[in-house]
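# Summary of structural features
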Amino acid sequence: MSVYDTLAQLRIDLPGARTPAAAYVAYVQTGQLVFLSGHTARREGQPWVGQLGGGLTTAQGQVAARAVAIDLLGTLQAAVGDLNRIRRIVKLTCLVNSSPGYTEHHLVANGASHLLTQVLGARGEHARSAFGVAQIPHGACVEIEMVAEVI
Amino acid sequence: MSVYDTLAQLRIDLPGARTPAAAYVAYVQTGQLVFLSGHTARREGQPWVGQLGGGLTTAQGQVAARAVAIDLLGTLQAAVGDLNRIRRIVKLTCLVNSSPGYTEHHLVANGASHLLTQVLGARGEHARSAFGVAQIPHGACVEIEMVAEVI
Amino acid sequence: MSVYDTLAQLRIDLPGARTPAAAYVAYVQTGQLVFLSGHTARREGQPWVGQLGGGLTTAQGQVAARAVAIDLLGTLQAAVGDLNRIRRIVKLTCLVNSSPGYTEHHLVANGASHLLTQVLGARGEHARSAFGVAQIPHGACVEIEMVAEVI
């Protein structure tokens, strides 16, 4: 089944490539690897501000992480033209805007990981790191970067 | 000398691949590169909880980082079948659960770096970043991710 | 135009490869990719200590990030021999020593990104992540790691 059939079933509309907030580009391909810039969580076109363990719940963080994964897929589509050309999502790095005592970053990151395997199946299974950072640009609650392999 | 002779001399028993704590996989190989997920410090099968500069000393952090490196080698062995096939440890990223005033993350990370060069010799010499993060999943004191090159 | 003509115009003297502060190496090449270790900000040969949002301004952070980018180019030159062999700067990860309320890490990172595109033109345009960390080795204000592609 085409990735686009799955996206339609999930009622997901992919955005275009993320417009970088500063002096960099959204992705760079080198050989068969595509490195995507860190994408910060957004909601209704604005930074999704907040901190896990300091106002936001794990469930809210998961929704934010899922939204970032959709934005990453939008950028990835712009990078490679057709998501069916993705051989594998290689690696995610999930940064969670985290209060000193919050320790469920891995559960927040699952919001992104589940979306990727829903859309891409086994090709969406990735290596991953998740951890809590002191802050994120614009005060966003989650930032995720990705490495993907294309055919 | 085989990597396994060295491990035997050091009396190190490699574990199997780390079981991911959430919706991801322990490693992904793409071309000749293997990306390993962030491995959090564990002790006696439980998260090695604590903060550097907030209860844990640099020496304790080094022991934790060394333990993570052994776990990474266990995962790497599961990924490639035989550690003698490792051409190079390319890169480590060492995250240290750090109080605001703690500044010896590089010394903590040496616990992992020394182990890798002990076991793999020149093939174990790697690029590295080390820094202090706000928190780590399960409250672990150290998390390390790795990129390795196989023959 | 040669990269070295541009550097001369900008009156930039490249340093040699950074001497690692601990048990790792400044760079590792694998295939056509060069992974550079995290380079911490230095000023007059000493760690550039400070925190964004806690004493240092965004403008000061940009100067520090630019200095790190010059040091990274020095290491990259040592790695590949001739910067004209650089096909692309692939990825920067910019860690900003950040107070809990500071949210302009992307602007700090621009100090490095602008320098790279000034020196390398389109080949200097990179994917990037920037975020705030709890601390950096030696208390430095900025740490940046890089992936570059060589011809």
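Here is a short report on the structure shown in this document. Just so you know, these numbers come straight off a predicted model, no measurement behind them.

## What about the overall build of chain A?
Scanning chain A for helices and strands turns up three helices and seven strands. Reading the helices (α) and strands (β) of chain A from amino to carboxyl end gives α-β-β-β-β-α-β-α-β-β. Computed over the C-alpha atoms, the radius of gyration of chain A is 14 Å, within 12% of the 15 Å expected from 2.2 N^0.38 for a compact globule of 151 residues. Once the C-alpha set of chain A is aligned to its principal axes, its extents read approximately 40 × 35 × 30 Å. In chain A, which comprises 151 residues, the share counted as buried stands at 59%. Contacts spanning at least 24 positions in sequence make up 81% of the contacts within chain A whose residues lie at least 6 apart.

## Examining the relation of the copies chain C and chain A
When chain C is fitted to chain A, the best match, at an RMSD of 0.0 Å, comes from turning it 120° and sliding it 0.0 Å along the axis. The superposition of one copy onto the other is thereby described by a three-fold rotation axis. In this assembly, only 7% of the residues forming the interface of chain C have copies in chain A that are likewise at the interface, indicating a heterologous arrangement.

## Concerning the sheet that holds strand S1 (residues 27-30) of chain C
All names here are of chain C. Here we have five strands laid out as an open sheet, ordered S1-S2-S7-S5-S6, and mixed in their pairing. Each of the sheet's edge strands pairs with one partner strand only, and the pair in question is S1 and strand S6 (127-133). Averaged over all pairs of adjacent strands, the angle between their axes in this sheet comes to 15°, without regard to strand direction. Relative to strand S7 (residues 142-150), strand S2 (residues 33-40) runs antiparallel, the two sharing six bridges.

## Some points on the relation of the copies chain B and chain C
Taken together, a rotation about one axis and a shift along it account for how the two chain copies relate. Least-squares fitting of chain B to chain C yields an RMSD of 0.0 Å, with the transformation described by 0.0 Å of translation along the axis and a rotation of 120°. When the interface residues of chain B are mapped onto chain C, a mere 7% of them again fall at the interface, so the copies present different faces.

The rules behind the values
Residues numbered from 1 in each chain as written. Chains lettered and ligands numbered in written order. Predicted model: local features only at pLDDT ≥ 70, side-chain atom pairs only at ≥ 80, totals over all residues. Helix = DSSP H or I, 4+ residues; strand = E, 2+ residues; numbered from the N terminus. Rg over C-alpha atoms; globule rule 2.2 N^0.38 Å. Buried ≥ 20, exposed ≤ 12 C-beta atoms within 10 Å, placed from the backbone. Contact = placed C-beta atoms within 7 Å. Least-squares fit on C-alpha atoms with pLDDT ≥ 70 in both. Pairing = 2+ DSSP bridges. Axes fitted to C-alpha atoms, helices over the stretch in contact; angles between N-to-C directions.

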